[in-house]
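# What the coordinates show
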Amino acid sequence: QVQLVESGGGLVQAGDSLRLSCTASGRTASFNWVAWFRQAPGKDREFLGTITRDDTNTIYADSAKGRFTISADNAKNTVDLQMNKLKPEDTAVYYCAASTTSSIMIPRIEQYDYWGQGTQVTVSS
């Protein structure tokens, strides 16, 4: 089993930056990719980006390109999501997820086997 814990969420103002972290424990050698998703009230869970645990390959959703950056530290078993120029519409619960799939070309939510509990990000205008 793999346990994922997100941290770093909170209340910020529009234009601010925020860095979320996802820390993995347990059978960390079993997964290859970690992704960040978010879910706003009343909306579907939205894919933001995914990264290999060795930080060699990253795939971003179009909505995340330019403002969001994902990075991985394999030694620390952490994957961070750096979010810049935040907007009120970025308000959501942010989740990290891990996949045991060896190769991901087009990320899909069903490819991710383990999920964290989520961390709330609220952006005020």
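Above: the structure in question.
The following paragraphs examine the structure supplied in this document. (Residues numbered from 1 in each chain as written. Predicted model: local features only at pLDDT ≥ 70, side-chain atom pairs only at ≥ 80, totals over all residues. Heavy atoms only, no water.)

As a further point, take the overall build of the protein. When its secondary structure is counted, the protein shows zero helices and 11 strands. Written out in order from the N terminus, the α and β elements of the protein read β-β-β-β-β-β-β-β-β-β-β. For the protein, whose C-alpha radius of gyration is 13 Å, the value lies close to the compact-globule estimate of 14 Å for 125 residues. Each of the three principal axes of the protein carries a C-alpha extent, and together these read 40 × 25 × 25 Å. Of the contacts formed within the protein by residues at least 6 apart in sequence, a portion of 56% connects residues at least 24 apart. One finds the centroid of the 12 positive side-chain charges in the protein at a distance of 1 Å from the centroid of its 13 negative side-chain charges. (Helix = DSSP H or I, 4+ residues; strand = E, 2+ residues; numbered from the N terminus. Rg over C-alpha atoms; globule rule 2.2 N^0.38 Å. Contact = heavy atoms within 4.5 Å. Lys, Arg positive; Asp, Glu negative; His and termini not counted. Charge placed at Lys NZ, Arg CZ, Asp CG, Glu CD.)

Mapping Y94 onto the fold places it in strand 9 (residues 92-99). For Y94, a relative accessible area of 0% puts it in the buried group. Considered as a pair, Y94 and Q120 are 26 residues apart in the sequence and their alpha carbons are 6.2 Å apart. Discounting chain neighbours no more than four positions away, the residues touching Y94 are E6, L20, W36, F37, R38, L48, F68, L81, M83, G118, T119 and V121. (Buried < 20%, exposed > 50% of the residue type's maximum accessible area, 1.4 Å probe, protein only.)

What follows is about the side chain of Q82. Relative to the elements of secondary structure, Q82 occurs in strand 8 (residues 78-83). Among the polar contacts made by the side chain of Q82, one reaches the side chain of R19 at a distance of 2.9 Å. One polar contact links Q82 to N84, side chain to side chain, over a distance of 2.9 Å. Residues within four places of Q82 in sequence aside, it is in contact with S17, L18, R19, R67, F68 and T69. (Polar contact = N/O pair within 3.5 Å; in protein donor to acceptor, adjacent residues only side chain to side chain.)

Let's shift gears to the nonpolar core. If you look at the biggest cluster of nonpolar residues, it comprises 28 residues, and the most contacted ones within it are L4, L20, W36, F68, L81, M83 and Y94. Counting residues per element, the ones that place at least two in this core are strand 1 (2-7), strand 3 (18-26), strand 4 (33-39), strand 5 (46-52), strand 7 (68-73), strand 8, strand 9 and strand 11 (119-124). A35, F37, I59 and A61 belong to the second-largest nonpolar core, a separate cluster that totals nine residues. (Core = buried A, V, L, I, M, F, W, Y, C linked by side-chain atoms within 4.5 Å.)

Everything listed here is a matter of coordinates, which is why it stays silent on function.
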